[in-house]
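Each chain is listed here by its residues.
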Amino acid sequence: MHRRSVLAALAASGALTTLAACGGGDDSTTPGSASSQTTSSAGDGVFPVTIQHKLGSTTIEAAPTKVVTVGYNEEDFVLALGVTPVGARTPLGSYDAAKRPWAVDLLPAGGITSVGQAELNFETIASLEPDLIIGAYAYLEQADYDKLSQIAPTIGDLVPAGQAAGSTAAASWQEELAAIGKALGKADEASSLTDEVEGHFQTAADAHPEFTGKTVSVVLFNEGYYPLDSTDPRGNFFLQFGFDENTAVDPKGLSEEQVALLDTDVLVVLGRSAAEFASNPAAAALAVVTQGRTVYVPTFDSDFAGALGSSSPLSLPYAIEQAVPALAAAADGDPGTVPGTL
């Protein structure tokens, strides 16, 4: 399956969360009241700035004051930098993103206007009169990007370091935060926030040296087995603790027989409970399963699944706190220690 098709399927299942939220501060009214919504103040960075992305480059002439986010996690990045978007995409899955614990205090009580769900609503976006549209992790098609660019300067999907513009790989959260910070005139704040979040990963890695040198497999079940590698933010999350990547698997998908390739030191299963995963005899027979070295994330409705799907500077510290005890139980080599579920 093409990664773009996989993305759509994962978004529909809630594995990727489009984080448009309800909530609202004193500066906003009910959702849909475009004329009354404003963002919090953007930074005083040096403008103009130009952001390179997979569909070209975008120049932002002045600090934006009305921002719309159209992708799968940009809302959290913008909120983390002190800017409240006037419009954002509605979640596709069943996770209640309006109550996500890592951002609930930053969401305006009056709500953020929805700019679409499965499909973007270009009329609504235009009515909000944004001066910047951010789709840094949106898997935008050229036609949609062209429509958005007629409304306001639009940042498309970012090109990861070392990748060509046509690459299907997603940028790291660090690269996304740096680009959004630059676009908002908050580059220094973005840099400081990057150091802070990376510090959380380092603290966890230092506390668990047993992670280093062990190989982790991360697989998502969505009508098939899809390994998540370092080019996917959710797969990359687990590598930042010091685990090694399982390079023997194909991110395009595994057959039931190829599930044997997941038999590494630690396994993380997204979208299946232990019983559901073991319904495949090949999966049930894996040593990583029988010896209690598997962590399960059985539902996409959980806060951890939402935090992992967002992979934002707001959600990552929350996800780290939730994941580390389970990963430690899986990596300790004691079959009597059950990692449990997240």
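From a predicted model like this one, the values you see are computed outputs, not experimental measurements.

**A word on the overall build of the protein chain**
No. 1: When helices and strands are tallied, the protein chain shows 12 helices and 12 strands.
No. 2: Contacts spanning at least 24 positions in sequence make up 71% of the contacts within the protein chain whose residues lie at least 6 apart.
No. 3: For the protein chain, the exposed area adds up to about 13,400 Å²; of that, 50% sits on carbon and sulfur atoms.

**Focus: the packing of aromatic side chains**
No. 1: Taken as a whole, this structure holds 14 aromatic pairs when the rule is applied.
No. 2: Here Tyr95 and Trp102 contribute two aromatic rings whose centre-to-centre distance is 6.3 Å and whose plane-to-plane angle is 5 degrees, an arrangement assigned as stacked.
No. 3: The ring of Tyr72 has Arg89 lying over it, and the distance from NZ or CZ to the ring centre is 5.6 Å.

**Things to note about the pattern of salt bridges**
No. 1: Tallied over the full model, the rule gives 4 salt bridges.
No. 2: In this structure, Lys99 and Asp96 form a salt bridge, with 3.9 Å as the shortest nitrogen-oxygen distance.
No. 3: A relative accessible area of 39% places Asp96 in the partly exposed class.
No. 4: For Arg234, the salt bridge goes to Asp232, with nearest N and O atoms at 2.5 Å. Pair check on accessibility: Arg234 and Asp232 agree, each one buried.
No. 5: Salt bridges sharing common partners tie together Glu75, Asp76 and Arg100.

**Some thoughts on the nonpolar core**
No. 1: Judged by nonpolar contacts, the single largest core of 64 residues is most densely connected at Phe237, Phe238, Phe241, Leu270, Phe304 and Leu327.
No. 2: At 11 residues, the largest contribution of residues to this core is made by helix 12 (residues 315-331).
No. 3: Residues in contact with Leu270, not counting those within four places in the same chain, are Val218, Val219, Leu220, Phe221, Leu228, Val297, Phe300 and Leu308.
No. 4: Formed by 15 residues, the second largest nonpolar core is a distinct cluster that contains Phe221, Leu254, Val288 and Val289.

**Brief notes about the packing of helix 5 (residues 173-183) against helix 6 (residues 187-207)**
No. 1: One way to put it is that helix 5 packs onto helix 6 with a least axis distance of 8 Å and a crossing angle of 160 degrees. By the angle between their axes, helix 5 is roughly antiparallel relative to helix 6. The way helix 5 lies across helix 6 gives a crossing that is right-handed. In this structure, helix 5 contributes Trp173, Gln174, Leu177, Gly181 and Lys182 to the contact, and helix 6 contributes Ala187, Ala190, Leu193, Thr194, Val197, Glu198 and Phe201.
No. 2: Looking at the contact of helix 5 with helix 6, its residues break down into 7 nonpolar, 3 polar and 2 charged.

**Overview of unusual backbone geometry**
No. 1: A cis amide bond links Phe47 to the next residue, Pro48, at an omega of 0 degrees.
No. 2: A positive phi is found at Ser311, a non-glycine position, where the angle reads about 45 degrees.
No. 3: Among the secondary structure elements, Ser311 is positioned in the loop between helix 11 (303-310) and helix 12.
No. 4: Ser311 gets classed as buried once you look at its relative accessible area, which sits at 4%.

**Comments concerning the sheet that holds strand 3 (residues 67-69)**
No. 1: One open sheet holds the 5 strands; their spatial order is 5-4-3-6-7, and the pairing between them is parallel. Strands with a single pairing partner mark the edges of an open sheet, and in this sheet they are strand 5 (113-114) and strand 7 (154-155).

**Brief notes about the pairing of strand 8 (residues 215-221)**
No. 1: Most of strand 8 is tucked away: 7 of the 7 residues are buried.
No. 2: Of the two faces of strand 8, both are covered, the one formed by Thr215, Ser217, Val219 and Phe221 as well as the one formed by Val216, Val218 and Leu220.
No. 3: Where strand 8 lies against strand 10 (residues 244-245), 2 bridges are found, and the strand directions are parallel. Bridged to Val216 within strand 10 is Glu245.
No. 4: Two strands pair when backbone bridges link them, and strand 8 and strand 11 (residues 266-270) are joined in this way by 5 bridges, in the parallel orientation. Across the sheet, the residue bridging to Leu220 is Leu270, located in strand 11.
No. 5: In this sheet, strand 9 (residues 225-227) lies alongside strand 8 in antiparallel orientation, the contact comprising 3 bridges.

**Here's the deal with helix 12**
No. 1: Taking 1.5 Å per residue, 17 residues should reach 24 Å; helix 12 reaches 24 Å between its end C-alpha atoms and fits that length.
No. 2: At Ala323, helix 12 shows its largest kink, close to 35 degrees, and the proline Pro325 lies no more than four residues downstream.
No. 3: Burial within helix 12 is extensive, with 13 of its 17 residues counted as buried.
No. 4: Within two residues after helix 12, Gly333 carries a phi angle of roughly 80 degrees, on the positive side.

**Considering helix 5**
No. 1: Those residues of helix 5 lying buried are Trp173, Glu176, Leu177, Ala179, Ile180, Gly181 and Ala183.
No. 2: At the C-terminal side of helix 5, Gly185 shows a positive phi close to 75 degrees.

**Describing the side chain of Ser315**
No. 1: Locating Ser315 in the fold gives a position in helix 12.
No. 2: Residues within four places of Ser315 in sequence aside, it is in contact with Asp76, Trp102, Ala307 and Ser310.

**Here we look at the environment of Thr294**
No. 1: Relative to the helices and strands, Thr294 is located in strand 12 (residues 294-297).
No. 2: When the C-alpha positions of Thr294 and Ala326 are compared, they lie 8.9 Å apart, and in sequence the two are 32 residues distant.
No. 3: Within polar-contact distance, the side chain of Thr294 engages the backbone oxygen of Val288 at 2.8 Å.

Parameters and conventions
Residues numbered from 1 in each chain as written. Predicted model: local features only at pLDDT ≥ 70, side-chain atom pairs only at ≥ 80, totals over all residues. Heavy atoms only, no water. Helix = DSSP H or I, 4+ residues; strand = E, 2+ residues; numbered from the N terminus. Contact = heavy atoms within 4.5 Å. Areas by Shrake-Rupley, 256 points an atom, 1.4 Å probe, with all protein chains shown as cover. Phe/Tyr/Trp six-rings, centres within 6.5 Å; stacked < 30°, edge-to-face > 60°. Lys NZ or Arg CZ within 6 Å of the ring centre and 35° of its normal. Salt bridge = Lys/Arg side-chain N within 4 Å of Asp/Glu carboxyl O. Buried < 20%, exposed > 50% of the residue type's maximum accessible area, 1.4 Å probe, protein only. Core = buried A, V, L, I, M, F, W, Y, C linked by side-chain atoms within 4.5 Å. Axes fitted to C-alpha atoms, helices over the stretch in contact; angles between N-to-C directions. Parallel < 35°, antiparallel > 145°, perpendicular 65-115°, else oblique. Left-handed = near helix turned anticlockwise from the far one by under 90°. Nonpolar A, V, L, I, M, F, W, Y, C, P; charged D, E, K, R; others polar. Pairing = 2+ DSSP bridges. Expected span 1.5 Å × (residues − 1). Bend = angle between axes of the 7 residues up to and from the residue. Polar contact = N/O pair within 3.5 Å; in protein donor to acceptor, adjacent residues only side chain to side chain.

Geometry only, nothing functional implied.
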